[in-house]
Amino acid sequence: MDRQKQVGIGIIGAGFLAETRARCYAQVSGYHARLVAVAARTEASAASYAQRHSVPKSFTNYHELLALPEVDMVDLCVPNHLHRPIAEAAAAAGKHIVCTKPLTAYVGQDLPAGAGEQEIAQVDRRHMLAVATADAQAMVEAARRAGVYLMYGENWIYAPAITRAAGLIKASGGAILEMRGGECHSGSHSPYSKIWRYTGGGALLRLGAHPIGAMLYLKQQEGLARAGQPILPVAVSAEVGNLSRVPGVGEAEKPWIVTGWQDVENWAALILTFDDGSRAVVYASDAVLGGMESRLEIFLSNSQFKCNLSPHNMVQAYAPHPDIFGTEYIMEKASTSAGWSTPLPNEDWSSGHLAMCQDFVAAVAENRPAQADGNLGLEVIQVVYAAYVAAVTGQRVEITR
Ligand SMILES: NC(=O)c1ccc[n+]([C@@H]2O[C@H](COP(=O)([O-])OP(=O)(O)OC[C@H]3O[C@@H](n4cnc5c(N)ncnc54)[C@H](OP(=O)(O)O)[C@@H]3O)[C@@H](O)[C@H]2O)c1
């Protein structure tokens, strides 16, 4: 372990996720982690990020960032369709890679340039599954060939609530029989999230990837601990829908949930079957009020866990009017601070982002794989797109490898 080694981080993207990363890498302890460069699409955005976070170099061409010798690892905070090409370029440049969720997505990348939005959204879901899986496999393979780590930015795996449960599950030696979990809020405000060609899916992909990632991870760990083999998902059933089209929604002057979804779902539910016969129920919704709801329940043969990433009750507050707390941040997606609320003391900590960045830097410094790797991201993609096939066909879909 080389705690003296400086780990130079290149951030690609300068938007919402890149802000979280800057906050979290700044708090990494025990290693010299430094943001040494940033690349964004526009100069203004890259330069402003560099200034805000004291990053010495900024670019609009990520290849220039990849050419820097002081960059040891890159963190891809860019839209989904750029994950594979940038990961491959980074691997070829000998840089370790962090890729956020989803590892890949189907956005019409195999269609002729100029394919229309409608054409892309209507592509057969089996074809989407094949292309998104092949992209994810290509990323894993590119990293393997280059001898660099592909780390998967799934914060749920690192969330204190889930790591605490995982430790107790291991100690219990019990079998996980069922998991129920979901991520829900009142809707993404990014206009891109409403169109398949920009995101590769709706709530199932954008929100559902989190609980699915944690569930797959926990079953893998259980199998490895008991028999040296991960327990894997083998089949999925699913439904998707658009709840903002239910009559009565959006008729008020201000719709409280986000509306205007073009060709993606804003609600999804799926049932996952694992190769040991255990089950998981996943839900994802852009139509739930009350702030970010990220929860995972785990039912074992000898114990039970309820993990609340958000909200959790470490602090409960009451204010009769929203002006009382002024512009103070309460929690992600909370639309008001009036009434009872749960102001999160440290969302980067409780969501797992902090511990995740710590593990990624330590993995590079110690030359060992991170807890969440590219193979997990690949498994998540297979489950998500198999679920889209299941939702469209109305049939249970086997997951093949
Ligand atoms: N909890 C989580 O794990 C989590 C949360 C949120 C998002 N995400 C994921 O993070 C990714 C980005 O989402 P976001 O919400 O951060 O999006 P965002 O706010 O729109 O930021 C995207 C960034 O990508 C940059 N970009 C676009 N094309 C580029 C290119 N060719 N080269 C370099 N930079 C480029 C943009 O540059 P400009 O600023 O110049 O336009 C922008 O800064 C998505 O894959 C999303 O799924 C994960």
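Everything numeric here is computed off the predicted structure, so don't read it as measured data. (Residues numbered from 1 in each chain as written. Predicted model: local features only at pLDDT ≥ 70, side-chain atom pairs only at ≥ 80, totals over all residues.)

A few words now on the overall build of the chain. Looking only at helices and strands, one finds 13 helices and 15 strands in the chain. With the C-alpha coordinates aligned to their principal axes, the bounding extent of the chain is approximately 55 × 55 × 55 Å. Looking at the chain alone, contacts between residues at least 24 apart form 73% of all its contacts between residues at least 6 apart. (Helix = DSSP H or I, 4+ residues; strand = E, 2+ residues; numbered from the N terminus. Contact = placed C-beta atoms within 7 Å.)

A few words on the site of the ligand. Of all residues adjacent to the ligand, which total 22 residues, the nearest are Gly13, Gly15, Leu17, Thr42 and Ser45. Per-element tally for the shell around the ligand: the top contributor is helix H1 (residues 16–25), with three residues. Each residue belonging to the shell around the ligand can be placed in one class, and the counts come to 12 nonpolar, eight polar and two charged. (Near = placed C-beta within 6 Å. Nonpolar A, V, L, I, M, F, W, Y, C, P; charged D, E, K, R; others polar.)

Here we come to helix H6 (residues 125–146). Taking 1.5 Å of rise per residue, the 22 residues of H6 would be expected to cover 32 Å, and the 32 Å separating its terminal C-alpha atoms lies within 8% of that figure. Burial in H6 covers these residues: Arg125, Met128, Leu129, Val131, Ala132, Thr133, Asp135, Ala136, Met139, Ala142 and Ala143. Of the surrounding elements, those touching the buried residues of H6 are helix H4 (83–92), strand E5 (96–100), strand E6 (150–153) and helix H13 (374–393). Downstream of H6 by a residue or two, Gly147 has a phi angle that is positive, lying close to 70°. (Expected span 1.5 Å × (residues − 1). Buried ≥ 20, exposed ≤ 12 C-beta atoms within 10 Å, placed from the backbone.)

Moving on: unusual backbone geometry. Cis geometry marks the peptide bond from Lys101 to Pro102; its omega dihedral reads -15°. Positive phi, normally seen in glycine, also occurs at Lys333, with a value near 70°. Mapped onto the elements, Lys333 comes out in the loop between strand E13 (317–319) and strand E14 (339–341). For Lys333, a count of 18 C-beta atoms within 10 Å corresponds to the partly exposed category.

For the rest of this paragraph, the subject is the domain arrangement of the chain. Assigned domains of the chain: these are domain 1 (6–154) and domain 2 (156–354 + 384–398). On a C-alpha basis, the centroid separation for the pair domain 1 and domain 2 is 23 Å. Taken together, the contact pairs 22 residues of domain 1 with 23 residues of domain 2. Taken together, the elements giving at least two residues each to the side of domain 1 that touches domain 2 come down to H1, helix H5 (117–121) and H6. Its residues assigned to classes, the side of domain 1 that touches domain 2 comprises 11 nonpolar, five polar and six charged. (Domains from an automatic or database assignment.)

To continue, consider the sheet that holds E6. Read from one edge to the other, the open sheet built from six strands follows the order E3-E2-E1-E4-E5-E6, with strand pairing classed as parallel. At either margin of the open sheet sits one strand with a lone partner, and together these are strand E3 (57–59) and E6. Neighbour to neighbour, the strand axes of the sheet diverge by 25° on average, direction disregarded. (Pairing = 2+ DSSP bridges. Axes fitted to C-alpha atoms, helices over the stretch in contact; angles between N-to-C directions.)

The next thing to look at is the sheet that holds strand E11 (residues 293–300). Taken together, the seven strands give an open sheet; going across it, the order is E12-E11-E7-E10-E9-E8-E15, and neighbouring strands pair in mixed fashion. On the outer flanks of this sheet lie strand E12 (304–310) and strand E15 (397–398), each paired with one strand and no other. Direction of pairing for strand E7 (residues 176–184) relative to E11: antiparallel, over a ladder of eight bridges. Paired with Gly182 across the strands is Arg295, a residue of E11. In the packing of helix H7 (residues 160–172) onto the sheet, contacts are made with E7, E11 and E12, and the angle to E12 comes to roughly 165°.

Here we take up the pairing of E11. Sheet analysis places E11 next to E12, joined by six bridges and oriented antiparallel. For Glu297, the partnering residue across the bridge sits in E12 and is Lys306. The turn linking E11 back onto E12 is made up of three residues.

Within the largest apolar cluster, 128 residues are counted, with the highest numbers of intra-cluster contacts made by Val38, Ile97, Val384 and Ala387. Take this core: its biggest share by element is 12 residues, from H13. When we break this core down by domain, the ones giving at least three residues each are domain 1 (6–154) and domain 2 (156–354 + 384–398). Other than its neighbours up to four places away in sequence, Ala387 contacts Leu204, Val236, Ala238 and Leu270. (Core = buried A, V, L, I, M, F, W, Y, C linked by C-beta atoms within 7 Å.)

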